[in-house]
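Fold and contact review
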Amino acid sequence: MWFRRDLRLLDNPALAAATEAGDGSVLGVFVLDPALLHPSGAPRLAVLYRTLRVLDSQLGGNLVVRRGRPETVLGALCHEVVAGSVHCAADFGPYGAARDQAVAQALPVPLVRTGSAYAVPPGQLTNASGANFSVYSAFYRAWFARGWPEPVPAARTEWLPAGELSCDGIPADPPLEPGLRLPEVGEPAAGQAWRAFRDGPIERYRHDRNRPDLAGTSRMSVHLKWGTVHPRTLLAELEPRHEVYRKELAWREFYADVLHHRPDSAREHYRTELAGLPHPSGELARQRLAAWAAGRTGYPIVDAGMRQLLSEGWMHNRVRMIVASFLVKDLHLPWQAGARHFSAHLVDGDLASNAHGWQWVAGTGTDPAPYFRIFNPSLQGQKFDPAGDYVRRYVPELAGLPASRIHEPWRGPDGLPPGYPDRIVDHAVERAAALADYNALRGTRS
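Description of the structure in this document. Throughout this document, residue positions are counted from 1 along each chain, in the order its sequence is written. In keeping with the predicted nature of the model, local features appear solely for residues at pLDDT of at least 70, side-chain atom pairs appear and are counted solely at 80 or more, and the whole-chain, interface and lining totals rest on all residues. As a rule here, side-chain values come from all non-hydrogen atoms in the structure, and water together with hydrogens is ignored.

**Considerations on the side chain of His356**
Following the sequence through the fold, His356 ends up in helix α16 (residues 351–362). Between two residues, a contact is recorded if the distance between any of their heavy atoms is within 4.5 Å. Here His356 is in contact with Tyr255, Val258, Leu259, Ser265 and Tyr270, once residues within four sequence places are set aside. Helix numbers and strand numbers start at the N terminus; a helix is a DSSP run of H or I with at least 4 residues, a strand a run of E with at least 2.

**Comments concerning α16**
Every helix has an expected span of 1.5 Å times one less than the residues it contains. The end-to-end C-alpha distance of α16, which contains twelve residues, comes to 16 Å, matching closely the 16 Å that a straight helix rising 1.5 Å per residue would cover. Under the scheme applied here, a residue whose accessible area is under 20% of the maximum for its type counts as buried, over 50% as exposed, and between as partly exposed, the area being computed with a 1.4 Å probe on protein chains only. With nine of its twelve residues buried, α16 lies for the most part within the structure. Looking only at α16, the buried set comprises Ala352, Asn354, Ala355, His356, Trp358, Gln359, Trp360, Val361 and Ala362. Buried-residue contacts for α16 involve α11 (243–261), α12 (282–294), α14 (317–330) and α15 (335–345).

**So, the nonpolar core**
Membership of the largest hydrophobic core comes to 70 residues, with the highest contact counts inside it found for Trp143, Tyr245, Trp292, Val302 and Trp358. When near neighbours in sequence (up to four residues on either side) are disregarded, Val302 contacts Trp292, Thr297, Ile322, Val323, Phe326 and Pro377. For this analysis, a nonpolar core means a set of buried residues of the types Ala, Val, Leu, Ile, Met, Phe, Trp, Tyr and Cys, connected via side-chain atoms within 4.5 Å. Grouped together as the second largest cluster of nonpolar side chains are 27 residues, Ala14, Leu32, Leu48 and Leu52 included.

**Points about the environment of Ile406**
Here Ile406 shows up in the loop between α18 (389–394) and α19 (427–445). Taking the relative accessible area as the measure of exposure, Ile406 reaches 0% and is therefore buried. Taking the C-alpha atoms as reference points, Ile406 and Ser378, separated by 28 residues in sequence, lie 9.2 Å from one another. Those residues in contact with Ile406 that lie beyond four places of it in its chain are Pro300, Gly388, Val391, Arg392, Leu398 and Leu401.

**Examining helix α4 (residues 70–81)**
Compared with the 16 Å implied by 1.5 Å per residue over twelve residues, the 16 Å span of α4 between its first and last C-alpha is a close match. Those residues of α4 that fall on the buried side of the exposure criterion are Pro70, Glu71, Val73, Leu74, Gly75, Leu77 and Cys78. Taken together, the buried residues of α4 touch β1 (2–3), β3 (28–32), β4 (63–67), β5 (86–88) and α5 (94–106).

**Topic: the sheet that holds β1**
Strand pairing requires that DSSP identify at least two bridges connecting the strands. Spatial strand order, β1-β3-β4: three strands in an open sheet with parallel pairing. Either end of the sheet is taken by a strand with one partner, and the two such strands are β1 and β4. By the bridge criterion, five bridges tie β3 to β4 in an arrangement that is parallel. The residue bridging Leu32 from the neighbouring strand is Arg67, located in β4. Those strands touched by α4 are β1, β3 and β4, and its axis lies near 135° from that of β4. For every element, the axis is a line fit to its C-alpha atoms; helices are fit only across the contacting stretch, and the angle between N-to-C directions ranges from 0 to 180 degrees.

In structure tokens form, the structure reads like this:
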């Protein structure tokens, strides 16, 4: 069983297939692939390694972990244990699909792909003309109508002992920033987190999900990222009244489907006609990106979000949209710069969701007309963090300000609190500039 983004034992179709093929006896393997480890930031690597330690414990210490190219590592293991087949879940990402094809060609035994990380695998849904969906609402209707199987019963697997096989072992956590608070991970932690959300906050999710000052979201994204829970498991426990949460799970599947059909969109504009938008360069670009990344823009809700990312490896989804809009529309920097920063720090960093979430905000993605959607950071803060509790949690320089001032601290009679920076740009000016750039590009194209 070649574990990848399915680091669990429950509801695991690939593991069930491996158990059946091996008459119950299975060797569990994880490959430390340099092609995937290299671009990952330290927080995500730490979460991966901690999740692998939990999985190894679940396997009774019998998880074989080796470093190298998967086709080489798995080919060698097949010979060492005289394997009859190698089992895994299908991967639909640009790198993963190509890697699996290379592995299938190199192995001396069949590579059997069963299931995926999605309720409905990418590429399964098409519109009336036979094309893939580029609009979320239409995708959601087809996705929900298609449905998904029930969770797979737990496999009764006898894990083959790893003691006689060479093993590189699970690496120690990489050096982390002081004070970084990472979530509890692994399959048991995923189950506990889901039950805590399912048994209470989900009933308020429709109203609380956009409030970063409240504990209104499930925080299941890190568990879905590493497959310590399958979305099918969550969907099976949702009631009709939980449609808002179901739709959020569908966004993840929509973006995976878009990336499957347009693998170039991981790093390039989905809407290529917007590639000509101007961006600052040189020292100005460097200074703006650095201020944004450090949470030193002078806009409290933006700074709180960026500091939450640095301190937790996670950021509230509403705030992700706010900070992304600020980078692209106020600072006029390319969305790819923000996506790279998120990828380096997010413990739930998912290629499809990250790239297309950024493109949704930038106006270069699947949404037909989002370039005019430019978030006002002050108004967003006032609406979704009305008392300022979220800002105070992550921006201690502003902790003494009342709610009436905390989202616009520059308006106070005494000036800015000590240690807090002035605004690096004026939102009204930059909003007008962003719209002018877009209109100029549209005029050039016409």
